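Chain residues, written in single-letter form:
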Amino acid sequence: MDFELNKTQKDIQKAVRDFTKGEFDKDLALELEKNHEFPKKIWQKAGEIGLIGVHFPEEYSGQGLGSLEDILVIEELCRGDSTIGSAVALSSFASELVLHYGTDEMKENFLPQVAEGKMLSAGAFTEPDHGSDITFMNTTAVKDGDEWVVNGVKTFITNGGLAGFYSVMCQTDPDAKPTYRGISLILVEADREGVSTMDVGNKMGIHMMSTTEVALKDVRVPLSNLIGEEGKGFYHVLHFFDESRIQVAAQALGIAQGAYDRAMDYVKKREQFGKKIAQFQVTQHKLADMATKLELSRLITYKAAWNFDQGRIDPKLTSMAKMYAARSAVEIADEAIQLLGGYGYMTEYEVERFYRDAKITEIYEGTKEIQKNTIASAIIGKLK
Ligand SMILES: Cc1cc2nc3c(=O)[nH]c(=O)nc-3n(C[C@H](O)[C@H](O)[C@H](O)COP(=O)(O)OP(=O)(O)OC[C@H]3O[C@@H](n4cnc5c(N)ncnc54)[C@H](O)[C@@H]3O)c2cc1C
């Protein structure tokens, strides 16, 4: 057993740290957050210096590295700034579906653009009537000659309206039993006729990311836009969750670390009753609890990524990492606000934003209750 990061991994961490120190600016973050604006220039720079899609092969403008290196990048981005970091980290959301199941042509057409910070990607699974339960889709894709005709409405789609393409879960066989065996993944380019998006409305956090409804009305795409195998879309997405849930765990870990850093800095400066507040034992205990949660989140998130890179698929471990890191992030950011007192509640001191940004990690890519279902079914097994 070896808990040390190797030289490449440490170099990546340092490169992202240097990038966030140089490019992330508190005033800019507050401005972008206020305007609900995607951090376009920072995302483009991140792409230019190779911080997006480090786990893509080099032929698709990646670095040919693994999930562990990918999540090290995500952690550091979100540590630098919870909102800018999340937006940059999720700029390539769901592009792994194309990476693992797409045709060579799809990979060539889309992955380099995503990795180079020229195109955003999106995964469209959720529908108004199908959130946690994606075993049946109301969105349909029907073959007509050499095309698919896609109809339906997706909701809560990250990067909606900005993305260059959507990986869409569609029911291609409505009579399949069980229903999930009739689901396929179809790549829909954003500029196809019949694709329209609408913002879902104000949200609690991650204000720099767009979250939209995506309506697909008689959208025609070639049959070759099928991602993976027909009828296997549900399984492809479950496999994707084994990787993406670790990414969300890393997002949570980075946000938690960022909130902790800011709280630590503050308690060493702020004085009350003639002492630094870091001298009160109750403050020290809070910091000890926060540091312990961070350590555990990091251990399980890195382990899940390392495991994935070994080719071992363990949804239980992935769900544990996402559930634990996400809960810890909410708790750590909450405690960070408390440690800053009234200032913690103020936008300018950032930690309230970290707290709002942390919460989504308990909801998307499967809620914490869904993670518990996955863990429970793995540890209990089939009951006779
Ligand atoms: C900001 C944001 C961005 C998102 N981005 C994307 C995206 O890019 N692509 C995409 O496809 N989706 C996206 N989503 C959707 C997200 O994945 C879903 O919101 C989430 O999976 C939950 O689905 P739901 O909202 O329909 O809640 P529901 O499924 O209706 O759940 C409501 C509550 O019931 C609980 N529940 C449901 N089923 C069970 C069960 N079997 N056992 C125990 N409890 C259960 C849930 O845990 C939850 O607490 C995003 C959502 C948000 C808010």
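Description of the structure in this document. (Residues numbered from 1 in each chain as written. Predicted model: local features only at pLDDT ≥ 70, side-chain atom pairs only at ≥ 80, totals over all residues. Heavy atoms only, no water.)

As for the overall build of the protein
Moving on, step 1. On a plain count of helices and strands, the protein comes out with 13 helices and ten strands.
Moving on, step 2. Taking 384 residues into account, the globule formula puts the C-alpha radius of gyration at 21 Å, and the protein, at 21 Å, falls close to it.
Moving on, step 3. Its C-alpha atoms put the protein at 80 × 55 × 40 Å along the principal axes.
Moving on, step 4. The 384 residues of the protein split such that 53% are buried.
Moving on, step 5. Sequence-distant contacts in the protein: of pairs separated by 6 or more residues, those separated by 24 or more amount to 75%.
Moving on, step 6. Of the roughly 17,500 Å² of accessible surface on the protein, 51% is carried by carbon and sulfur atoms. (Helix = DSSP H or I, 4+ residues; strand = E, 2+ residues; numbered from the N terminus. Rg over C-alpha atoms; globule rule 2.2 N^0.38 Å. Buried < 20%, exposed > 50% of the residue type's maximum accessible area, 1.4 Å probe, protein only. Contact = heavy atoms within 4.5 Å. Areas by Shrake-Rupley, 256 points an atom, 1.4 Å probe, with all protein chains shown as cover.)

Focus: the packing of helix H10 (residues 315–339) against helix H12 (residues 351–359)
Moving on, step 1. Running from N to C, H10 and H12 point in directions that differ by 160 degrees, and their axes come no closer than 8 Å. In terms of orientation, H10 lies roughly antiparallel with respect to H12. Where H10 crosses over H12, the handedness of that crossing is left-handed. Each of Arg327, Ala329, Val330, Ala333, Asp334, Ala336 and Ile337 in H10 lies in contact with H12, whose residues at this interface are Val351, Glu352, Phe354, Tyr355, Ala358 and Lys359. (Axes fitted to C-alpha atoms, helices over the stretch in contact; angles between N-to-C directions. Parallel < 35°, antiparallel > 145°, perpendicular 65-115°, else oblique. Left-handed = near helix turned anticlockwise from the far one by under 90°.)

Let's talk about the site of the ligand
Moving on, step 1. What surrounds the ligand is a group of 20 residues, the closest being Thr126, Ser132, Phe156, Thr367 and Glu369.
Moving on, step 2. In this structure, phenylalanine 125 approaches the ligand through a main-chain N or O atom, which is 2.9 Å from an oxygen atom.
Moving on, step 3. A distance of 2.7 Å is found between an oxygen atom of the ligand and a side-chain nitrogen or oxygen belonging to glutamate 369.
Moving on, step 4. When the free accessible area of the ligand is taken as 970 Å², the share hidden by the protein chains comes to 65%. (Near = heavy atom within 4 Å. Polar contact = N/O pair within 3.5 Å; in protein donor to acceptor, adjacent residues only side chain to side chain.)

Description of the side chain of arginine 245
Moving on, step 1. Within the secondary structure layout, arginine 245 lies in helix H8 (residues 233–267).
Moving on, step 2. Look at arginine 245: it is buried, it has no salt bridge, and the nearest opposite charge is glutamate 365 at 5.6 Å.
Moving on, step 3. Contacts of arginine 245, omitting those with residues within four sequence positions, involve Thr318, Ser319, Lys322, Glu365, Gly366, Ile370, Gln371 and Thr374. (Lys, Arg positive; Asp, Glu negative; His and termini not counted. Salt bridge = Lys/Arg side-chain N within 4 Å of Asp/Glu carboxyl O.)

Structural notes on the pattern of salt bridges
Moving on, step 1. By the definition in use, this model includes 30 salt bridges.
Moving on, step 2. Note that lysine 118 is salt-bridged to glutamate 116, the shortest N-O span being 2.8 Å.
Moving on, step 3. For glutamate 116, a relative accessible area of 28% corresponds to the partly exposed category.
Moving on, step 4. Residues arginine 353 and glutamate 350 are paired through a salt bridge, measuring 3.5 Å at the closest nitrogen-oxygen approach. Like arginine 353, the residue glutamate 350 is buried in the burial classification.
Moving on, step 5. Among the charged side chains, a network of salt bridges with common partners joins Lys293, Arg327, Glu331, Lys359, Glu362 and Lys368.

Some points on the packing of aromatic side chains
Moving on, step 1. Under the criterion given, the structure shown has twelve aromatic pairs.
Moving on, step 2. For the ring pair phenylalanine 93 and phenylalanine 240, a centre distance of 5.8 Å and an interplane angle of 65 degrees mean the geometry is edge-to-face. Here the residue phenylalanine 93 occupies a position in the loop between helix H5 (82–89) and helix H6 (95–101), and phenylalanine 240 occupies one in helix H8, the gap between them amounting to 147 residues. Considered together, phenylalanine 93 and phenylalanine 240 belong to a single accessibility category, that of buried residues. (Phe/Tyr/Trp six-rings, centres within 6.5 Å; stacked < 30°, edge-to-face > 60°.)

Examining a nonpolar patch on the surface
Moving on, step 1. Residues Met1, Phe3, Leu296 and Leu299 make up a contiguous nonpolar surface patch of about 530 Å² in total accessible area.
Moving on, step 2. Tracing the sequence through the fold places leucine 299 in helix H9 (residues 281–309). (Patch = residues over 30% accessible without salt bridge, like charges linked within 9 Å, V, L, I, M, F, W, Y side chains within 5 Å.)

A closer look at the environment of glutamate 75
Moving on, step 1. In this fold, glutamate 75 is placed in helix H4 (residues 67–80).
Moving on, step 2. Taking relative accessible area as the criterion, glutamate 75 reaches 2% and is therefore assigned buried.
Moving on, step 3. The sequence separation of glutamate 75 and glutamine 13 amounts to 62 residues, and the corresponding C-alpha distance is 8.8 Å.
Moving on, step 4. Other than its neighbours up to four places away in sequence, glutamate 75 contacts Ala250, Leu253, Gly254, Arg298 and Tyr302.

Side note on the nonpolar core
Moving on, step 1. One finds Phe125, Met169 and Ile186 to be the most contacted residues of the largest nonpolar core, which totals 112 residues.
Moving on, step 2. Filtering out sequence-adjacent residues up to four positions away, isoleucine 186 remains in contact with Ala141, Trp148, Val150, Tyr166, Ser167, Val168, Cys170, Val221, Asn225, Leu226 and Ile227. (Core = buried A, V, L, I, M, F, W, Y, C linked by side-chain atoms within 4.5 Å.)

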